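# Structure assessment
Here is what each chain is made of, one letter per residue.
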Amino acid sequence: MFYPCSCKMPSLVAVATMPSSPLKRASFPSRLSSPCSTSPPYRLSRFRVRCTYAEANVEEGFNSATIDVLADIKTERVVVLGGNGFVGTAICKAAVSKGIEVISVNRSGRPPYSYSWMDQVTWMPGDVFYLNWDEVLVGATAVVSSIGGFGNEEYMKRINGEATIVAVNAAKDFGIRKFIFISAHDYNLPSFVLQSGYFTGKRKAESEVLSKYPNSGIVLRPGLIYGKRKVDGFEIPLDLFGKPWEKLLYATENFTKPLSSLPASDILLAPPISVDDVAFAVINAVTDDDMFGVFTIQQIKEAAAKVRV
């Protein structure tokens, strides 16, 4: 028979098998580690315990029953910075679908709209520059930064670069083993455009991730990201343009590839990518310790395909 039990924390499956035996007393581990321990997090997936039991006042020679114990304990705890934005929300949703515990941190907390999966996310309001990182990062196995935006030069440098740099250093000091950053495609644009706060901020953040996490830092460089984006209660179907354009570019890449060397051609020839592909590439990065470094648009799609069902 099965006795399921669930614990809300990173996930593990335990199976205990008890053969027949005249013993009267069960033997179990005396202590289980707390999921909120501040010691370095680790993964457990499946283990087997062989033990026997018998109820009190049972005569010697009584054959005890076999019990299988199935424990569902989550093995990953991910902090998503900017988790209620367009990309951040998709990451949170994908993580929940894979049984990963999610903490979203952003200035406004939970999104104003609601879906059932959102109840499985811990929504924490807060500004990355003023966070109490000891509260945010406890028990985390990875941090994902989807922070970014447009505005004046100073704002773009701050939001696209400095915010993630602050988070990288906090995560590193806390002992978080993996950091994932959503950056931007390396467009072949004129230098004066690439010197804008948006791109210089992104590249500085990339450098910080890769220097502090040389063997476990991941930088994703998507191009135009499409999907159904919610803005002020309205849904903008970016996929109506992005998805057909993506299919067209991949179908004609043998003809368009020679044009990629032309200045600024990436504006039209860099394939758009689904927000879900970006999200599942993040999930792959969280769960695969062999994944690190900089990932292009095509590599993001390949990473997503490994975990997307």
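The present account deals with the structure reproduced in this document. The model shown is predicted, which means the values in this text are computed figures rather than measured ones. (Residues numbered from 1 in each chain as written. Predicted model: local features only at pLDDT ≥ 70, side-chain atom pairs only at ≥ 80, totals over all residues. Heavy atoms only, no water.)

## Some remarks on the packing of aromatic side chains
- Evaluated as defined, the whole model comprises seven aromatic pairs.
- Where Tyr-187 meets Phe-199, the ring centres are 6.3 Å apart and the plane angle is 75°; that geometry is what we call edge-to-face. With Tyr-187 in the loop between strand E9 (179-182) and helix H4 (191-194) and Phe-199 in helix H5 (residues 197-212), this residue pair connects regions lying 12 residues apart in the sequence. Both residues of the pair, Tyr-187 and Phe-199, count as buried.
- With centroids separated by 6.3 Å and ring planes inclined at 15°, the aromatic side chains of Phe-241 and Trp-245 adopt a geometry described as stacked. Of this pair, Phe-241 and Trp-245 both sit in helix H6 (residues 239-251), four residues apart, which is roughly one turn of that helix. (Phe/Tyr/Trp six-rings, centres within 6.5 Å; stacked < 30°, edge-to-face > 60°. Helix = DSSP H or I, 4+ residues; strand = E, 2+ residues; numbered from the N terminus. Buried < 20%, exposed > 50% of the residue type's maximum accessible area, 1.4 Å probe, protein only.)

## Comments concerning the environment of Ala-285
- Structurally, the position occupied by Ala-285 is in helix H9 (residues 275-287).
- When the C-alpha atoms of Ala-285 and Val-219 are compared, they prove to be 9.7 Å apart, with 66 residues separating the residues in sequence.
- Ignoring any residue separated from it by four or fewer positions in sequence, one finds Ala-285 in contact with Lys-178, Ile-180, Ile-218 and Met-291. (Contact = heavy atoms within 4.5 Å.)

## A few points about the pairing of strand E12 (residues 228-231)
- Where E12 meets strand E13 (residues 234-237), four bridges bridge the pair, whose relative direction is antiparallel. Looking across to E13, one finds that Arg-229 is bridged to Ile-236.
- Linkage of E12 to E13, two consecutive antiparallel strands, is achieved through a turn of two residues, within which Asp-232 is found at a positive phi near 50°. (Pairing = 2+ DSSP bridges.)

## Some thoughts on the environment of Lys-228
- Residue placement: Lys-228 occurs in strand E12.
- A C-alpha to C-alpha distance of 5.8 Å links Lys-228 and Leu-238, two positions 10 residues apart in sequence.
- Engagement of the side chain of Lys-228 in a polar contact is seen with the side chain of Asp-239, the distance being 2.8 Å. (Polar contact = N/O pair within 3.5 Å; in protein donor to acceptor, adjacent residues only side chain to side chain.)

## Describing the nonpolar core
- By size, the foremost hydrophobic cluster in this structure holds 47 residues, and its most contacted members are Val-87, Ile-91, Leu-220, Val-278 and Val-282.
- The element that contributes the greatest number of residues to this core is H9, accounting for nine residues.
- Counting residues in each nonpolar core, the second largest holds 25 residues, with Val-143, Ala-170, Phe-181 and Ala-205 among its members. (Core = buried A, V, L, I, M, F, W, Y, C linked by side-chain atoms within 4.5 Å.)

## As for the sheet that holds strand E5 (residues 77-81)
- On the basis of which strands lie adjacent, the open sheet formed by seven strands has the order E7-E6-E5-E8-E9-E10-E15 and parallel pairing. Every other strand in the sheet has two partners, leaving strand E7 (121-125) and strand E15 (293-295) as the edge strands with one partner each. Across the sheet, the mean angle from the axis of one strand to that of its neighbour is 15°, orientation sign disregarded.
- Bridge count for strand E10 (residues 217-220) against E15 is three bridges, and the pairing is parallel. Each residue of the ladder has a partner; that of Val-219, found in E15, is Val-294.
- With respect to the sheet, H9 is in contact with E5, strand E8 (142-145), E9 and E10, its orientation differing from that of E9 by roughly 165°. (Axes fitted to C-alpha atoms, helices over the stretch in contact; angles between N-to-C directions.)

## Side note on helix H1 (residues 86-97)
- The end-to-end C-alpha distance of H1, which contains 12 residues, comes to 17 Å, matching closely the 16 Å that a straight helix rising 1.5 Å per residue would cover.
- When you tally the buried positions in H1, you get 10 out of 12 residues, the bulk of the element.
- Every buried residue belonging to H1 is among Phe-86, Val-87, Gly-88, Thr-89, Ala-90, Ile-91, Cys-92, Ala-94, Ala-95 and Val-96, and all of these are buried.
- Following H1 by one or two positions, Gly-99 adopts a phi angle in the positive range, close to 75°. (Expected span 1.5 Å × (residues − 1).)

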